[in-house]
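Fold and contact review
If you want the building blocks of each chain, they are given just below.
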Amino acid sequence: MTDEMPFTGEPVDSHEAIMRATFYALQEHGYAGLSIQRIADEADLSKSTFYHHFDGKDDLLLSFLEFILEEFDRVFQLETSDDPAADLRTFFAIVLGQYDFCEEIPAVEEFLEAYVELRAQAVRNAEYRAKFTETDEAFTERISALIEMGIERGVFAETDPDRTAQFLMSTLDGVILQNSTRNDSPQSAMYDAIDDYIENTLLAE
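Every value quoted in this text rests on a predicted model; they were computed, and no experiment measured them. (Residues numbered from 1 in each chain as written. Predicted model: local features only at pLDDT ≥ 70, side-chain atom pairs only at ≥ 80, totals over all residues. Heavy atoms only, no water.)

1. Section: helix α2 (residues 36-43)
Let me state the cut-off plainly: Partly exposed residues are those whose accessible area sits between 20% and 50% of the maximum for their type, while under 20% is buried and over 50% is exposed, using a 1.4 Å probe and protein chains only. Where helices and strands are cited, they refer to DSSP runs of H or I of at least four residues and of E of at least two residues respectively, numbered from the N terminus. In this description, one arc is meant: the one made by directions from the helix axis to the C-beta atoms. We call two residues contacting when some pair of their heavy atoms lies within 4.5 Å.
Of the residues making up α2, those classed as buried are I36, I39, A40 and A43. Taken end-on, α2 shows its buried residues confined to a sector of 100 degrees, consistent with a single buried face. Taken together, the buried residues of α2 touch α1 (14-33), α3 (47-53) and α4 (57-79). The positive-phi residue at the C-terminal boundary of α2 is D44, with phi of around 60 degrees.

2. Side note on the nonpolar core
Threshold: What is meant by a nonpolar core is a set of buried Ala, Val, Leu, Ile, Met, Phe, Trp, Tyr and Cys residues, joined one to another through side-chain atoms within 4.5 Å.
Ranked by internal contacts, the top residues of the largest apolar core, which has 57 residues, are L88, F91, F92, L118, Y128 and I143. Among the elements of the structure, α1, α2, α4, α5 (84-95), α6 (108-120), α7 (126-152), α8 (161-181) and α9 (187-202) are those that each provide at least two residues to this core. The dominant element in this core, judged by the number of residues it contributes, is α4, at 10 residues. Residues within four places of L88 in sequence aside, it is in contact with I143, L146, I147, F156, I198 and L202.

Shown next as structure tokens:
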């Protein structure tokens, strides 16, 4: 998608079209009601096309999770600066839909809801568990690397980057879960709380 935001404009290829159709079908039918046929109908592609690339629904959804992770990483790289504190704030702002361009991306909250619904499958499905373990590790490593860079440059106070990253990642997961399972929308207030933590605890005096 070059420099465009996720799911804006026309899909650049059939893979992106399938990923987009997967998201909208998941949004409409939920995991339990999702099927290859419904995704194929959403994408206006034949069912046989899907089975040419994927073994079944779960194989497709695991690919969808990988796609979302890659897209987040791509967008984050587009928005990064050379300021570890600013980049750490940007990381959380993008995930929680609090970044300036997020209004251009359709259904930010629905992305988070889809993430939670798929994550729930990891309770009993080893493949989902492995994928979310990989995803968590990638996100935590990204946060830890930013904190370590900030410490080296004197931007952040001395702290354990890995432990702090684990704490922030757990906080982020809690915000996403609450936002997807409550009637109100706490992500804006929680982003402010994370921002306060960065300002008052992480930043060097």
